[in-house]
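Per-entry structural report
What follows is each chain in one-letter form.
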Amino acid sequence: MTLLRGVFLGIAISTLCAALSPAASADDAAKSPGHRLLVGDYSTKRLAIVEPDGTLSWETPIHDIHDAALLPNGNILFQQGWTKIVEMSPDHKIVWQYDAGADAPHGKIEVHAFQRLADGCTMIAESGPGRIIEVDRDGKIVATVKLKLAEPNPHRDTRLVRKLDSGHYLVAHEGENAVREYDPQGTVVWEYKIGKKVYSALRLASGNTLIGTGDGHSVIEVDPAGKIVWEVKEHDLPGITLAWITMVDRLPNGNTIIVNCHAGPANPQVIEVTPDKKVVWTFKDFKKFGNATAVARVLPADAAPKKPAASDGAQSQPSSHSPGLRPGAAPLTRPPDSKTATGNGPLKPIPDRLVVLTFDDGNKSDIETVAPALKKFGFGATFFITEGLGAAKDKKNFLTWDEVQRLDALGFEIGNHTGRHDNPTTQTREAFNNDVATIEKRCAEHGIPRPMTFCYPGYAHDLKSVEVLRERGYLFARRGMYPELKYVEGGGRGFAYDPKEDHPLLIPFTATAGPQMRFADLVWAVDQARDGKICVLTLHGVPAKLHSWVSTTPEQLDQYLRYLKEKNCTVIALRDLAEYVDPEQAASDPYAGVNRRMAAMKEMAKSVARP
């Protein structure tokens, strides 16, 4: 990280402004009373059935998820991680399971699609070995179809796959940028090339194919000859931006359901549009579900299970947009508690020794050294990624985007460190906004959830940059210890994060690692995490080969992690602060807490200086 060398001057104080966003007409909204949904989000780790009024009638914790189904018997078929498929009863008992990676005879495997067939078997698409299998209730493979792949990739071979009534298979090949139809012998009998990382394809009764184009930001319907006969593009829907389009469905009334993943809190997660592209219903709930809502399926109103549960209120309603926000702005929202059964209760009390662990700049050591060490100790962490510092071209010292995706798949948070790593205080508002958007775009291109946390490059920040993050829907942002203290190269102490004082978009670090950081500094930092305050640790590369002044050795990292384990610290990613801190309660003046701390430090200095 290119660190600040000096103190930036001039902090302007003002309040955030807003304007009303557009909304659909009441006549349009009246056409759709709402839907019952099966919704899965892998950022909040929740799969749930959402009733039309927004309440949750059933839910279960999950990890990764790209597919799920409510079966006719009332059980739910879904995945637990990338390889294990389970069938769970309404009372949360697993009644059937199959682990495609149990033996891994074909090397690494990921499963992104599966389907319970009429004969009781389960179809499973295996990315990596590049095949579709059908397994019976005993787990025996009864059919295998080999897929045609130019460049096999365990994460991108397939997204949604469905077996058709004809016995053929309709496959969305994300990595191949194409939809293909295979016969039971594995012959490609139809193909449509998208040119984008496609997510889903649905064969309609008309014989046309409805396609969710993934990072094509659109939904298209093509006829058997490959001609586009209907399309909804990225900006076709007033007030809504289409991002990574995952699941799509055609309802009996002719309307189309669109699942709008990675679009941020300014946009709904699920949309219903008419054939003439009028929005008649949306679902948006960033309290229970987050920015990685990849799965949403409309359910029959009377489908089991239907068990009343508490709710904190979702927006499942005729199309409308939050008042009081300027176009493109998004209200700060708190994701639910991802470690409890319901996630609808109050915030967790902040425990002593709560530690947020962050790694800046996307050094190659993040995947080679840091991730294995964190997994060993069972710790969470945030990796802040930039394409600046030469990272866009230097893949010897910095992560590739495939490696960033691997960190995400391992369960770590990917945070935004801007595209250029420029000083935000010297950028125009537009330039900084575009810099932030760059990493969001890269994440979307690689199937990584849109970042909801941020790290200021060089620890530099001002009111303008805070406002931009607020408008883009970021929950938390980490700074250094400026302006209260000057940064000292080589590592050292900062401030404990005090949610009662510090704005969630101006979180200071408690210690930053480097050659000058002593083990005693880590001990001190952890000790600050008490009485409602939180320890935020900043590290860079382990080692950071190009930036020696922020480098940490593998031996030091091991020593730090062992100490955190020994002290029974709760070690989390920055996003996980949402379990303990409500960013909606932030002060209107982002710098109020900073100014109070500086005033207190000034008074203390005067007191010490008196004879």
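That block above? That's the structure.
Residues numbered from 1 in each chain as written. Predicted model: local features only at pLDDT ≥ 70, side-chain atom pairs only at ≥ 80, totals over all residues. Heavy atoms only, no water.

The subject of this paragraph is the sheet that holds strand 12 (residues 161–163). What the four strands build is an open sheet, ordered 12-13-14-15; its pairing is antiparallel. Across the chains shown, the open sheet's two edge strands, defined by having one partner strand only, are strand 12 and strand 15 (188–193). Averaged over all adjacent pairs, the angle separating strand axes in this sheet is 15°, with direction ignored. In the sheet, strand 12 pairs with strand 13 (residues 169–173) via three bridges, with the strands oriented antiparallel. Paired with R162 across the two strands is L170, which belongs to strand 13. (Pairing = 2+ DSSP bridges. Helix = DSSP H or I, 4+ residues; strand = E, 2+ residues; numbered from the N terminus. Axes fitted to C-alpha atoms, helices over the stretch in contact; angles between N-to-C directions.)

With seven of its nine residues buried, helix 3 (residues 401–409) lies for the most part within the structure. Of all the residues in helix 3, the buried ones are W401, E403, V404, Q405, L407, D408 and A409. If you follow the buried residues of helix 3, they end up packed against helix 2 (365–377), strand 27 (382–385), strand 28 (413–416) and helix 4 (429–445). (Buried < 20%, exposed > 50% of the residue type's maximum accessible area, 1.4 Å probe, protein only. Contact = heavy atoms within 4.5 Å.)

To continue, consider the environment of T453. Tracing the sequence through the fold places T453 in strand 29 (residues 453–455). In the structure, T453 is positioned 120 residues away from A573 in sequence and 9.6 Å away in space, judged by C-alpha atoms. Not counting chain neighbours up to four residues away, the residues in contact with T453 comprise T382, F384, E413, G415, N416, Y474, F476, L574 and R575. Of the polar contacts made by the side chain of T453, one reaches the side chain of E413; its length is 2.8 Å. (Polar contact = N/O pair within 3.5 Å; in protein donor to acceptor, adjacent residues only side chain to side chain.)

This part is about the side chain of H173. Relative to the helices and strands, H173 resides in strand 13. Of the residues examined, H173 reaches a relative accessible area of 0% and is grouped as buried. With residues up to four places along the chain from it excluded, the contact list for H173 reads L147, K148, L149, R156, D157, T158, A178, R180, Y182 and V198.

Right, let's get into unusual backbone geometry. Residue P483 is bonded to the preceding Y482 through a cis peptide linkage, with omega at 10°. With omega at 5°, the peptide bond leading from V542 into P543 counts as cis. Mapped onto the elements, P543 comes out in the loop between strand 33 (535–539) and helix 7 (554–566). A positive phi is found at K45, a non-glycine position, where the angle reads about 60°. Along the chain, K45 turns up in the loop between strand 1 (36–41) and strand 2 (46–50). On the accessibility criterion, K45 (16% relative accessible area) is buried. The phi angle at T418 is positive, at roughly 75°, despite the residue not being glycine. For T418, a relative accessible area of 0% translates into the label buried.

This part covers the nonpolar core. Judged by nonpolar contacts, the single largest core of 47 residues is most densely connected at L47, I65, F78 and I132. Once residues within four sequence positions are removed from consideration, I65 is found in contact with G40, D41, Y42, L47, F78, Q79, W82, A294 and V295. Membership of the second largest hydrophobic core comes to 40 residues, among which are V370, L539, Y560 and Y563. (Core = buried A, V, L, I, M, F, W, Y, C linked by side-chain atoms within 4.5 Å.)

One pass over the structure, following the stated rule, counts 39 salt bridges. Across the pair R429 and E467 runs a salt bridge, and its minimum N-O distance is 2.4 Å. Of this pair, R429 sits in helix 4 while E467 sits in helix 5 (residues 463–471); the two residues are 38 residues apart in sequence, bridging distant segments of the chain. A relative accessible area of 32% places R429 in the partly exposed class. Measuring nitrogen to oxygen at the nearest pair gives 3.5 Å for the salt bridge that ties D462 to K464. (Salt bridge = Lys/Arg side-chain N within 4 Å of Asp/Glu carboxyl O.)

Turning our eyes to something else, we now look at the packing of aromatic side chains. On inspection of all chains with the given rule, the structure shows ten aromatic pairs. With a centroid separation of 5.8 Å and 20° between ring planes, the pair formed by F377 and F379 is classed as stacked. Among the residues examined, F379 registers a relative accessible area of 7% and is labelled buried. Judged by centre distance (5.5 Å) and plane angle (80°), the ring pair of F383 and F412 falls under edge-to-face. Of this pair, F383 sits in strand 27 while F412 is found in the loop between helix 3 and strand 28, placing the two residues 29 residues apart along the sequence. Judged by relative accessible area, which is 3%, F412 ranks as buried. Among the aromatic residues, those joined into a cluster by ring pairs are F432, F454, Y456 and Y474. (Phe/Tyr/Trp six-rings, centres within 6.5 Å; stacked < 30°, edge-to-face > 60°.)

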